[in-house]
Amino acid sequence: MFAQALQQYGGVGYYPAPDSWHHAFDALRNMLQHKRTKGKMVVFFDEMPWIDTYGSEFVAALEDFWNAWAAQRDDIFFIACGSATSWMVDKLVENQGGLHGRITARIYLRPFDLDETEQYLRGHGCVWSRYTITQCYMYLGGVPYYLSLLDCQHELSANIDDLFFSTSARLAGEFQELFNVLFKDAESYVEIVRLLASRREGLTRQELAKATNSGGGSLTRRIENLERCDFIRGQQQIGNKKKGIIYRLSDFYTLFYLRFVEGVRRRDRPYWPLMIESREVSVWQGLTFEMVAMVHVEQIIRQLGIAGVLTNVCSWRSTVGNSGSQIDLLIERSDNYIYLCEAKFASEPFVVSKDYEEHLRNRMTIFREETKTRKALLTTFITTYGVKPGIHSAVVQREVLLEHLFLPASV
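Every chain begins its residue count from 1, and numbering advances along the sequence as written. This being a predicted model, a pLDDT of at least 70 is required before a residue's local features are given, and a value of 80 or more before pairs of side-chain atoms are given or counted; all residues contribute to the totals for chains, interfaces and linings. Values shown for side chains rest on all heavy atoms present in the structure; no hydrogens or waters enter the calculation.

Participant: Describe the overall build of the chain, with residues and values.
Facilitator: Secondary structure elements are taken from DSSP: a helix is a run of H or I of four residues or more, a strand is a run of E of two residues or more, and numbering for both begins at the N terminus. Regarding its fold elements, the chain presents 19 helices and ten strands. Judged by the C-alpha coordinates and their principal axes, the chain covers about 80 × 55 × 45 Å. The classification of residues rests on relative accessible area computed with a 1.4 Å probe and restricted to protein chains. Under 20% of the type maximum is buried, over 50% is exposed, and intermediate values are partly exposed. Buried positions account for 48% of the 411 residues belonging to the chain. Contacts were defined at the residue level, with two residues in contact if any of their heavy atoms lie within 4.5 Å. A separation threshold of at least 6 residues defines the contact pool for the chain, and within that pool the share at least 24 residues apart is 65%. Of the roughly 21,800 Å² of accessible surface on the chain, 50% is carried by carbon and sulfur atoms. Per-residue accessibility takes into account occlusion by the displayed protein chains alone, with areas from the Shrake-Rupley method and a 1.4 Å probe.

Participant: Give a description of the nonpolar core that names residues and reports values.
Facilitator: Grouping buried Ala, Val, Leu, Ile, Met, Phe, Trp, Tyr and Cys residues that are joined through side-chain atoms within 4.5 Å yields what is termed a nonpolar core. Formed by 81 residues in total, the largest nonpolar core has its most connected members in Phe-164, Phe-179, Phe-256, Trp-272 and Ile-382. Among the elements that make up this core, the one with the highest residue count is helix H14 (residues 252–261) (eight residues). When residues no more than four places from it in sequence are discounted, the contact partners of Ile-382 are Phe-289, Ala-293, Ile-300, Leu-329, Cys-341, Glu-342, Ala-343, Lys-344, Val-400 and Leu-405. Counting residues in hydrophobic clusters, the runner-up holds 29 residues, among them Met-31, Phe-45, Phe-65 and Leu-92.

Participant: Any details on the sheet that holds strand S5 (residues 246–249)? Residues and values, ideally.
Facilitator: Neighbouring strands of a sheet are bound in pairs by backbone hydrogen bonds; such pairs are parallel or else antiparallel. Paired strands are those between which DSSP finds at least two bridges. Here we have three strands laid out as an open sheet, ordered S3-S5-S4, and antiparallel in their pairing. Edge positions in the sheet fall to strand S3 (203–204) and strand S4 (232–235), since each of these pairs with one other strand and no more. Direction of pairing for S4 relative to S5: antiparallel, over a ladder of four bridges. Bridging across to S5, Ile-232 finds its partner in Leu-249. For helices, the axis comes from a line fit to the C-alpha atoms of the stretch in contact; other axes are also lines fit to C-alpha atoms, and the angle between any two N-to-C directions lies between 0 and 180 degrees. Against the sheet, helix H11 (residues 186–198) touches S3, S4 and S5, its axis set at about 95° to S5.

Participant: An account of H14 is needed here, citing residue identities and associated values.
Facilitator: By the criterion of burial, H14 is predominantly enclosed, with nine of the ten residues buried. Among the residues trailing H14, Gly-263 stands out with phi positive, at a value near 85°.

Participant: I'd like to hear about the environment of Met-31, residue by residue, with values.
Facilitator: In this fold, Met-31 is placed in helix H2 (residues 21–33). The exposure class assigned to Met-31 is buried, which follows from its relative accessible area of 10%. Dropping the residues within four chain positions of it, Met-31 is found in contact with Leu-6, Tyr-9, Gly-10 and Tyr-15.

Participant: Describe the pattern of salt bridges, naming the residues involved and giving the relevant values.
Facilitator: Here, a salt bridge means any side-chain nitrogen of Lys or Arg that lies within 4 Å of a carboxyl oxygen of Asp or Glu. Under the counting rule described, the total for this entry stands at 18 salt bridges. The partner of Glu-94 in a salt bridge is Arg-221, and the shortest N-O contact between them spans 2.8 Å. With a gap of 127 residues between them, Glu-94 in the loop between helix H5 (85–93) and helix H6 (114–123) and Arg-221 in helix H13 (residues 216–228) connect regions that are remote in the sequence. The partly exposed category is assigned to Glu-94, whose relative accessible area is 28%. With relative accessibility at 26%, the residue Arg-221 sits in the partly exposed group. Of the charged contacts in the structure, one is a salt bridge between Arg-122 and Glu-118, with a shortest N-O distance of 3.4 Å.

Participant: Tell me about unusual backbone geometry, and name the residues and values.
Facilitator: Residue Asp-185 is not a glycine yet carries a positive backbone phi of 55°. Along the polypeptide, Asp-185 turns up in the loop between helix H10 (174–182) and H11.

Participant: Before we move on, could you go through the packing of aromatic side chains and cite the residues and values that matter?
Facilitator: Note on aromatic pairs: the rings of Phe, Tyr and Trp (six-membered ring only in Trp) are paired at centre separations within 6.5 Å, and the planes decide the class, stacked below 30 degrees, edge-to-face beyond 60, tilted for the rest. According to the stated counting rule, one finds 45 aromatic pairs in the structure shown. For the ring pair Phe-112 and Tyr-120, a centre distance of 6.0 Å and an interplane angle of 50° mean the geometry is tilted. On the accessibility criterion, Phe-112 (22% relative accessible area) is partly exposed. Here Phe-256 and Trp-272 contribute two aromatic rings whose centre-to-centre distance is 5.2 Å and whose plane-to-plane angle is 90°, an arrangement assigned as edge-to-face. Residue Phe-256 is found in helix H14, and its partner Trp-272 is found in helix H15 (residues 272–275); the two are separated by 16 residues along the sequence.

Written as structure tokens, this is what we have:
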């Protein structure tokens, strides 16, 4: 296949199949040397991890090709691409051999945010509301491939039924395939993901080490790789910049799969259109909307009008008694203000009850006592359609609406 690629791009009639990767790179060098073109020549290797089979000496041959020849030229632009994150990190990013320090830049292909998801769906003829697009985001996240499977001529619930619960569901088996492709020793990564899925409030590294009976560099590497792939998200606790980072599962497909898809029998009759109205799904959407807010912090900060102020995004857990108090999203300003954020997903304006107002005020008191902060505390609600005015709504001092999460990210 490599010889065929050389033949195609080299513009020659025949290239003999090389018997080793050293000879393959020699042939590539020879082709590039005789290529008459202006400007840089781009060499693009797609899915490089799968080329590096056991005993192939692919990486050693790549090192020789780059160091002995390509690095001496100013017209070679080499792009290494691969979905197996652990291989890319071990063999290229953190290479301790001949490729150490050779990378010029890394391209971070992040998932779409809500604005980009809406643009993508609108471009494919989708007329769903932003409320429905947000529900879609909770199920599939901002992964273009998953979004490409949607049929916008049908309702979202029918699409989810088809993709996950029908007898021919295309995404029902995606979970195991995904981790096996991305990581060596995939089960050790899945173990961490399952733990975080069961603890939506998140876990610290110490708690993960205890729960998995592991630690040291191996656990650190797995956490780092999961973060690089946007499966998990780490957030420091207020007042503790180095220790006590809380990790949460942030991949929406995985959150949805582990909660509702795994173990469910495929069927011919509609399932999700009936489930969507259940309290179980309603509660899950409320919890998942908190993560939607957390991955759109930039938009929240812009809507609050503090984009020009130095801010620190963090979390807080009560460490005294059995209060169980926790705030998943805090925005601490450098000028003596802290936003205590609450995310609420509802199909109508949110009503603050007497009991909930009391809960918020009590938690604020506990927070102030434990953190010893003297900064002004601003209770901030992130909701779909705002907070309904009432005798208990005065506890809410700032508001961010769903439409504000659809603001374009800054470039």
